[in-house]
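Chain by chain, the residues run as shown.
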Amino acid sequence: MLAYRALFNWARLPVFIGTLLAEPVTQLVFFVYLGRQLGVANDTFFIVGNAVLAASKAGVYGGTMAVGNERRFGTLGNVLLSPRSRSAVFLGRALPYAANGLFVAVFTLTVGSLLFGLDLPVQSLPGIAAALVIASLTCAFFGLTLGALGLRLLDVWLVSNIAYVLLLILTGVNVPSETLPGWVQAIGDFVPVTHAAEAARLAAAGADFETLAGPLALEAAVCVGFAVLSALLLHVFEKAGRTSGSLETI
């Protein structure tokens, strides 16, 4: 339990509940009512979309902490002295953040469905579950990519804050992608959540697995891409930091 609490820097249970459970639900409620007021889309669009997006908070900030906190707390040297592959160590750290993101996404979907009376067909659940699992992994590796920047930047939290907010815009979870400018849609195709949200919505609408295979495969490709990119950045920035002697400089 102590190690788990250290993953997200929370010391008391109310902090965990407020940050990772209450905030995604209140965000979902806000956009459902805003969507109703503006007539943008139905409740299902916002409930499913925001449930998938809920996985991003644990992944983005958790992945950033996985690397950034080692430097912040002065323990990075101990990790780098280990004979084990640093890429393997840090990529492995993405897994608990992904698991936590999945839990938060399922919690948000469940609460949102209960609040607004969304009745999901039983046959849609495997497709939605697959979308949530892949989205959680993608967000964790995306966060680890941002965390790798912490080996060179003094304020990596500014980058992660901006990245998290941009996901609200780029992924189409609260604004239908087809209404966004073409260049925004193009960027959105290469960030986490976009394709997973599409797959989850298709599953909620009763689509078969063949229809879901395309968006799920694209999300998986983005996941692998960020995993490779994070490993590459960790290697490159570690080498540069060793050369300049700035690995633990805050």
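To be clear, the structure that these remarks concern was listed above.
Residues numbered from 1 in each chain as written. Predicted model: local features only at pLDDT ≥ 70, side-chain atom pairs only at ≥ 80, totals over all residues. Heavy atoms only, no water.

**Student:** Give me empty space enclosed by the protein: which residues, what numbers.
**Tutor:** Inspection of the entire model under this criterion finds 1 cavity of 30 Å³ or more. Together, E23, P24, Q27, N50, L53, A54, K57 and Y164 line the largest cavity. The set of elements that each furnish at least two residues to the lining of the largest cavity consists of α2 (13–38) and α3 (43–72). Examining the composition of the lining of the largest cavity, we find that 4 residues originate from one element, α3, more than from any other. Class assignment for the residues of the lining of the largest cavity results in 4 nonpolar, 2 polar and 2 charged. (1 Å grid on protein atoms, 1.4 Å probe; cavity = no way out; pocket = protein on both sides within 12 Å on 5 of 7 lines; lining within 4 Å. Points joined across faces, edges and corners; volume = space filled by probe spheres on them. Helix = DSSP H or I, 4+ residues; strand = E, 2+ residues; numbered from the N terminus. Nonpolar A, V, L, I, M, F, W, Y, C, P; charged D, E, K, R; others polar.)

**Student:** Explain α3 to me, and be specific about the residues and the numbers.
**Tutor:** For α3, built from 30 residues, the straight-helix expectation of 44 Å at 1.5 Å per residue is met to within 8% by its first-to-last C-alpha distance of 42 Å. Positive backbone phi, approximately 75°, marks G74, located one or two places after α3. (Expected span 1.5 Å × (residues − 1).)

**Student:** Run through the packing of α2 against helix α5 (residues 86–116), naming residues and quoting values.
**Tutor:** Two quantities define a packed helix pair, namely the angle between the axes and the distance from one axis to the other. Interaxial distance between α2 and α5 falls to 10 Å at its minimum, and their mutual angle equals 45°. With respect to α5, the element α2 is oriented oblique. The handedness of the crossing between α2 and α5 is right-handed. Contacts between α2 and α5 involve F16, L20, L21, P24, V25, L28, V29, V32, Y33 and R36 from the former and N100, F103, V104, F107, T108, V111, G112, L115 and F116 from the latter. Of the residues in the contact of α2 with α5, the class split is 15 nonpolar, 3 polar and 1 charged. (Axes fitted to C-alpha atoms, helices over the stretch in contact; angles between N-to-C directions. Parallel < 35°, antiparallel > 145°, perpendicular 65-115°, else oblique. Left-handed = near helix turned anticlockwise from the far one by under 90°. Contact = heavy atoms within 4.5 Å.)

**Student:** Describe the layout of surface pockets, with residues and values.
**Tutor:** Considering only enclosed or pocket space, the largest pocket measures out at about 210 Å³ in volume. Taken together, 15 residues form the lining of the largest pocket, with T171, G172, S177, T194 and E198 sitting closest to its centre. Looking at the lining of the largest pocket, the elements with two or more residues in it are α8 (182–188) and α9 (194–204). Here the element with the most residues in the lining of the largest pocket is α9; it accounts for 4 residues. Residue composition of the lining of the largest pocket, by class: 5 nonpolar, 6 polar and 4 charged.

**Student:** Help me get a handle on α9, residues and values and all.
**Tutor:** Taking burial as the measure, the 11 residues of α9 include 9 buried ones, the bulk of the element. Burial in α9 covers these residues: T194, H195, A196, A197, A199, A200, R201, A203 and A204. Just beyond α9, the residue with positive phi is G206, at close to 95°. (Buried < 20%, exposed > 50% of the residue type's maximum accessible area, 1.4 Å probe, protein only.)

**Student:** Give a detailed account of the pattern of salt bridges, specifying residues and quantitative values.
**Tutor:** If you walk through the whole model with that rule in mind, you get 2 salt bridges. In this structure, R36 engages D43 in a salt bridge whose closest nitrogen and oxygen atoms are separated by 2.6 Å. R36 gets classed as partly exposed once you look at its relative accessible area, which sits at 43%. (Salt bridge = Lys/Arg side-chain N within 4 Å of Asp/Glu carboxyl O.)

**Student:** Hey, could you go over the side chain of S56 for me, with residue numbers and the actual values?
**Tutor:** Structurally, S56 is set in helix α3. Residue classification places S56 among the buried residues on the basis of a relative accessible area of 0%.

**Student:** Could you give an account of the packing of aromatic side chains, with specific residues and numbers?
**Tutor:** To describe a pair of aromatic rings, you give the distance between the ring centres and the angle between the ring planes. In the structure shown here, the tally under the stated rule is 5 aromatic pairs. Judged by centre distance (5.6 Å) and plane angle (65°), the rings of Y33 and F116 are edge-to-face. A residue pair is termed long-range when its members are at least 10 positions apart, and Y33 in helix α2 and F116 in helix α5 qualify at 83 residues. Between F142 and F226, the ring centres sit 5.0 Å apart and the planes meet at 75°, which makes this aromatic pair edge-to-face. Remark: F226 occurs in helix α10 (residues 209–244) and F142 occurs in helix α6 (residues 125–149); sequence separation between them is 84 residues. Residue F142 is classed as buried on the basis of its relative accessible area, which comes to 10%. Here F226 falls in the buried class, since its relative accessible area comes to 12%. Above the plane of the ring of F45 lies R201, whose end atom (NZ or CZ) is 3.6 Å from the centre. (Phe/Tyr/Trp six-rings, centres within 6.5 Å; stacked < 30°, edge-to-face > 60°. Lys NZ or Arg CZ within 6 Å of the ring centre and 35° of its normal.)

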